[in-house]
Amino acid sequence: MEKSFSFVVPVYNEEKNIKGTVDEILEVAPRYCDKYEILIFNDNSTDKTGEIIETFSKTSDRVRVFHNGGKMGVGYILKRGIQESKCQYFAYIPGDKQCIIEETMKCFEILFQSQKEIAIDCPGNTEVRTIGRRILSWLYLRIVHYFLGLNFRYTNGHNIYKLDAVKGVDVRANGFSMQTELLFKLIRKGCSFIEVKTKIRNRADGKSKSVNVKTLIDVGISLTRLILENKVFRKY
C-alpha cells in the first residue's frame, strides 16, 4: 500500500519560523512517504509570511498555498485541510517550528504498521513549555476526561488521521479545541487509535498564539457547547 501524507500547516505571522518548518518537512518526509504534499494556510498574516510561503509554491510542486480572506482560526484551517488533502493520511502541523518532523514521521510509521485510523500524539518532554502552559493543559485534560470521557494523555498535539475516517465528521469549533472535538466524534464513531509518545521543541522565535484571552474564551465556549451536546442533549 502506498504511504501518502498531507501536512496541513496553518500560519499566522510566522515569518521567522515558517521557512524552517517547510524546509524540515521537505528534508524528512521523503524518507518515510511514497507521496506527500504540504498545504500551507496563511490566516491573514500581517507580516511577510504570505510573501515567504508563495516562494515555496513556486519552487516545489509539493507545496500548495492558500490565503484566508480574514482571520478564520485553526479549526477552520483543519476543516479546509481535510477538504483539500489528496493523500491517505494527514496531520495538523503549525508553522511555528515546535513540531519535530522526524518525530511525526516515526509516529506515522507506527500508525501505518498498526493499520489503525488515528495516532494521538502525546509529547513526552512537556518541560520545554512554560509552567503556565503546562498548568492550563493539565486543567483542560481533566475537564475533557471528566465530561467527555476522553482518557488520553493529550488531545491537541500533532495527531495523525486517516483521511477516509474524518470525511463527513462535523467539527464546529474554529479555535484550538477543534482536535478535541474531532477526536471525541471519531472515537464515538468507533474509529481505532493508538497513542504515541513523541518529543517537541520550544519555539525558535516569537510567542505562542494558543495562549491568550481570546483563544481561552473561544476554547471555553466550544468545549462548553460540546459538553452540553453530550451530557444534556445526548447528541452523541
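Residues numbered from 1 in each chain as written. Predicted model: local features only at pLDDT ≥ 70, side-chain atom pairs only at ≥ 80, totals over all residues. Heavy atoms only, no water.

Asker: Which parts of the structure should I look at to understand the nonpolar core?
Answerer: Inside soluble globular proteins, nonpolar side chains tend to come together where they are buried. Counting 35 residues, the largest nonpolar core has Phe-90, Leu-148, Tyr-161, Val-166, Leu-182 and Leu-186 as the members making the most contacts within it. When contributions to this core are tallied by element, the ones reaching two or more residues are strand E2 (35-42), helix H3 (74-84), strand E4 (89-92), strand E5 (118-123), helix H5 (131-148), helix H6 (163-166), helix H7 (178-189) and helix H8 (213-231). The leading source of residues in this core is H7, at 5 residues. Not counting residues up to four positions away in its chain, the partners in contact with Leu-182 are Leu-78, Tyr-161, Val-166, Val-169 and Val-171. Counting 32 residues, the second-largest nonpolar core is a separate cluster that includes Tyr-36, Cys-99, Cys-107 and Ala-119. (Core = buried A, V, L, I, M, F, W, Y, C linked by side-chain atoms within 4.5 Å. Buried < 20%, exposed > 50% of the residue type's maximum accessible area, 1.4 Å probe, protein only. Helix = DSSP H or I, 4+ residues; strand = E, 2+ residues; numbered from the N terminus. Contact = heavy atoms within 4.5 Å.)

Asker: Please explain the sheet that holds E5 as it appears in this structure.
Answerer: Spatially, the 7 strands line up as an open sheet ordered E3-E2-E1-E4-E6-E5-E7, and their pairing is mixed. In this open sheet, the two strands that pair with only one neighbour each are strand E3 (63-67) and strand E7 (193-198). The sheet shows a mean angle of 20° between the axes of neighbouring strands, taken without regard to direction. Sheet analysis places E4 next to strand E6 (residues 160-162), joined by 3 bridges and oriented antiparallel. Paired with Ala-91 across the strands is Ile-160, a residue of E6. Sitting on the sheet, helix H2 (residues 49-59) is in contact with strand E1 (4-11), E2 and E3, with an inclination near 150° to E3. (Pairing = 2+ DSSP bridges. Axes fitted to C-alpha atoms, helices over the stretch in contact; angles between N-to-C directions.)

Asker: Looking at this model, I keep getting lost on the environment of Val-65. Mind explaining?
Answerer: Assignment of secondary structure puts Val-65 in strand E3. By relative accessible area, which is 18% here, Val-65 ends up buried. Once the C-alpha coordinates of Val-65 and Gly-50 are considered, the two residues, 15 residues apart in sequence, prove to be 9.0 Å apart.

Asker: Could you clarify how one ought to interpret the pairing of E4 in this entry?
Answerer: Note on strand geometry: in a regular strand, side chains alternate between the two faces of the sheet. Burial along E4 is two-sided: Tyr-89 and Ala-91 and Phe-90 and Tyr-92, pointing in opposite directions, are all buried. Alignment of E1 against E4, held across 4 bridges, turns out to be parallel. Bridge pairing in E4 links Phe-7 to Ala-91.

Asker: Looking at this structure, how should I read the packing of aromatic side chains?
Answerer: Each aromatic ring pair is specified by the distance between its two centres and by the angle formed by the two planes. Evaluation of the coordinates by the stated rule reveals 10 aromatic pairs. Taking 4.8 Å as the distance between ring centres and 65° as the angle between the ring planes, the aromatic pair formed by Phe-5 and Phe-108 counts as edge-to-face. Placement of the pair is Phe-5 in strand E1 and Phe-108 in helix H4 (residues 101-114), with a sequence separation of 103 residues. Across this residue pair, the class does not change: Phe-5 and Phe-108 are buried. One Lys or Arg, Lys-3, reaches over the ring of Phe-112 and ends 5.4 Å from the middle of that ring. (Phe/Tyr/Trp six-rings, centres within 6.5 Å; stacked < 30°, edge-to-face > 60°. Lys NZ or Arg CZ within 6 Å of the ring centre and 35° of its normal.)

Asker: Is there a simple way to explain H4 in this structure?
Answerer: Think of an α-helix as 3.6 residues a turn; residues three or four steps apart then line up on the same face. If you check H4, its first and last C-alpha atoms are 20 Å apart, about what 14 residues at 1.5 Å a residue would give, namely 20 Å. Taken residue by residue, H4 has Ile-101, Glu-103, Thr-104, Met-105, Cys-107, Phe-108, Leu-111 and Phe-112 as its buried positions. Looking at the buried positions of H4, the neighbouring elements they touch are E1, helix H1 (18-28), E4, E5, E6 and E7. Trailing H4 by a residue or two, Gln-115 shows a phi angle of about 65°, which is positive. (Expected span 1.5 Å × (residues − 1).)

Asker: What is the right way to look at the packing of H3 against H7 in this model?
Answerer: Each pair of packed helices gets described by two things: the angle between the helix axes and the distance between those axes. Packing of H3 against H7 leaves a shortest axis separation of 9 Å and a crossing angle of 50°. Judged by the angle between their axes, H3 and H7 are oblique. Between H3 and H7, the contacting residues are Val-74, Gly-75 and Leu-78 on the first element and Met-178, Gln-179 and Leu-182 on the second. When grouped by side-chain class, the residues that make up the contact of H3 with H7 number 4 nonpolar, 2 polar and no charged. (Parallel < 35°, antiparallel > 145°, perpendicular 65-115°, else oblique. Nonpolar A, V, L, I, M, F, W, Y, C, P; charged D, E, K, R; others polar.)

Asker: Looking at this structure, how should I read the packing of H5 against H8?
Answerer: The contact between H5 and H8 brings their axes to 10 Å, and the two run at 15°. One element, H5, and the other, H8, form an angle in the roughly parallel class. Considering only the axes of H5 and H8, their crossing is left-handed. Contact with H5, carried on its side by Leu-136, Tyr-140, Ile-143, Val-144, Tyr-146, Phe-147 and Leu-148, involves Leu-216, Val-219, Leu-223, Leu-226, Ile-227, Asn-230 and Lys-231 of H8 and no other residues of that element. Residues of the contact of H5 with H8, tallied by class, amount to 12 nonpolar, 1 polar and 1 charged. (Left-handed = near helix turned anticlockwise from the far one by under 90°.)

Asker: In this structure, what is going on with the side chain of Glu-24? I would like to understand it.
Answerer: You can see Glu-24 is positioned in helix H1. Polar contacts involving the side chain of Glu-24 include one to the side chain of Lys-97, which spans 3.4 Å. If near-sequence neighbours (up to four positions away) are discounted, Glu-24 is found in contact with Lys-97, Cys-99, Ile-100, Ile-101, Glu-102 and Arg-201. (Polar contact = N/O pair within 3.5 Å; in protein donor to acceptor, adjacent residues only side chain to side chain.)

Without other data, these values stay purely geometric and don't point to any function.
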